[in-house]
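Analysis of the macromolecular model
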Amino acid sequence: LATAEATGATAIWVAVDGTPAGIISLRDTVKPGSAEAVAKLKEFGLRPILLTGDNAAAAAQVAAAVGISPDDVYAGVLPAGKVEAVRRLQAGGAIVAMAGDGVNDAAALAQADLGIAMGSGTDVAIEAADLTVMGNDLGQVAQAIELSRRTLATIKTNLFWAFFYNAIGIPVAALGLLNPMLAGAAMAASSVLVVANSLRLRSFGR
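Attention here is on the structure that accompanies the text. (Residues numbered from 1 in each chain as written. Predicted model: local features only at pLDDT ≥ 70, side-chain atom pairs only at ≥ 80, totals over all residues. Heavy atoms only, no water.)

**Thoughts on the overall build of the protein chain**
Of the regular secondary structure elements, the protein chain holds eight helices and seven strands. For 206 residues, the compact-globule formula gives about 17 Å, and the C-alpha radius of gyration of the protein chain, at 25 Å, lies well above that figure. Here the protein chain, with 206 residues, has 26% of them falling under the buried criterion. The long-range share in the protein chain, meaning contacts at least 24 apart out of those at least 6 apart in sequence, stands at 37%. Placing the 14 positive and 17 negative side-chain charges of the protein chain at their respective mean positions leaves the two points 12 Å apart. (Helix = DSSP H or I, 4+ residues; strand = E, 2+ residues; numbered from the N terminus. Rg over C-alpha atoms; globule rule 2.2 N^0.38 Å. Buried < 20%, exposed > 50% of the residue type's maximum accessible area, 1.4 Å probe, protein only. Contact = heavy atoms within 4.5 Å. Lys, Arg positive; Asp, Glu negative; His and termini not counted. Charge placed at Lys NZ, Arg CZ, Asp CG, Glu CD.)

What follows is the structure in structure tokens.
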């Protein structure tokens, strides 16, 4: 058992009538694109953490394959332990996003500031999460975060130009220095600018 686990496998005892008869060795494969997704999250200034119920050797191998620091690997964690890990991070002042797809992840997904469920996961995980990505690719999580950031930046840009336009236009109009026709045209142009700026998001991901 120890030899199998040392190679990064999840080893399971098999017994017949209460007598140990053998060991089944299971191995997870790292999904294609996971390393790129972790690298993308780091580019966003985020700190990826691996929180898993698998043994330490298996977790270490996966972390090394995708580029997660050994200090950010928590292995052999039960569902309650995942919740506690999220709470510790939050207590330290961190904003925590948790991505998961299993029953064991549901409580931690609910505890996190942002719970992200994979679309191929269990119903209870999807129900507990705030956001569900339609698939099983970690890259979709990074893409969702990038889209949300671009959306927020677009909202802020639109608000800035709306307030800037009114801050300039209202005093000028109050002094009688702005032709109503020009004011109407400027208002229409402002609305078109806001809509056009927002429509730029349609090209995201293409």
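**Some remarks on the packing of helix α2 (residues 34–43) against helix α7 (residues 138–174)**
Two elements in contact, α2 and α7, have axes separated by 8 Å at closest approach and are oriented at 25°. Between α2 and α7, the interaxial angle falls into the category roughly parallel. In terms of crossing hand, the pair formed by α2 and α7 is left-handed. Together, Ser-34, Ala-37, Val-38, Lys-40 and Leu-41 of α2 and Leu-138, Gly-139, Ala-142, Ile-145 and Glu-146 of α7 make up the contact between the two elements. When the residues that make up the contact of α2 with α7 are grouped by side-chain class, the tally is six nonpolar, two polar and two charged. (Axes fitted to C-alpha atoms, helices over the stretch in contact; angles between N-to-C directions. Parallel < 35°, antiparallel > 145°, perpendicular 65-115°, else oblique. Left-handed = near helix turned anticlockwise from the far one by under 90°. Nonpolar A, V, L, I, M, F, W, Y, C, P; charged D, E, K, R; others polar.)

**Some remarks on unusual backbone geometry**
Despite not being glycine, Asp-17 shows a phi value in the positive range, around 55°. Mapped onto the elements, Asp-17 comes out in the loop between β1 (10–16) and β2 (19–26). Classification of Asp-17 as exposed rests on a relative accessible area of 80%.

**Some thoughts on α2**
Within α2 the residues assigned to the buried category are Ser-34, Ala-37, Val-38 and Leu-41. For α2, the arc enclosing every buried residue in end-on projection is 100°, short of the 170-degree limit, so these residues lie on one face. Residues of α2 that are exposed and point over 90 degrees away from its buried face: Glu-36 and Glu-43. The elements touched by buried residues of α2 are α3 (56–66) and α7. Just beyond α2, the residue with positive phi is Gly-45, at close to 85°. (Arc of directions from axis to C-beta.)

**Considerations on α7**
Across its 37 residues, α7 extends 55 Å between first and last C-alpha, which sits within 8% of the 54 Å expected from 1.5 Å per residue. Within α7, the full set of buried residues consists of Val-141, Ala-142, Ile-145, Glu-146, Thr-154, Asn-158 and Gly-169. Structurally, α7 contributes buried residues whose contacts are with α2, β5 (97–100), β6 (114–118), β7 (131–133) and α8 (180–199). Measuring from the backbone nitrogen of Gly-139 back to the side-chain oxygen at the start of α7 gives 2.9 Å, which picks out Asp-137 as the cap. Looking one or two places after α7, you find Gly-176, whose phi comes out positive at around 75°. (Expected span 1.5 Å × (residues − 1). Polar contact = N/O pair within 3.5 Å; in protein donor to acceptor, adjacent residues only side chain to side chain.)

**Concerning the nonpolar core**
Among the nonpolar cores identified, the biggest contains ten residues, and these are Val-83, Val-86, Val-96, Met-98, Ala-108, Leu-109, Ala-112, Ala-117, Ala-125 and Ala-129. For this core, the secondary structure elements donating two or more residues are α4 (79–91) and α5 (106–111). If sequence neighbours within four positions are ignored, Val-83 has contacts with Ala-107, Ala-108 and Gln-111. One finds Leu-41, Phe-44, Val-141 and Ile-145 within the second-largest nonpolar core, a separate group that totals eight residues. (Core = buried A, V, L, I, M, F, W, Y, C linked by side-chain atoms within 4.5 Å.)

**A word on the sheet that holds β6**
Strands pair in a sheet through their backbones, by hydrogen bonds, and they do so in one of two ways: parallel or antiparallel. Taken in spatial order, the three strands line up as β5-β6-β7 in an open sheet, and their pairing is parallel. Of all the strands in the sheet, the pair left with one neighbour each is β5 and β7. Averaged over all pairs of adjacent strands, the angle between strand axes in this sheet comes to 25°, irrespective of strand direction. Across four bridges, the pairing between β5 and β6 is parallel. Paired with Met-98 across the bridge in β6 is Gly-115. Sheet strands in contact with α7 are β5, β6 and β7, and its direction is about 130° off that of β7. (Pairing = 2+ DSSP bridges.)

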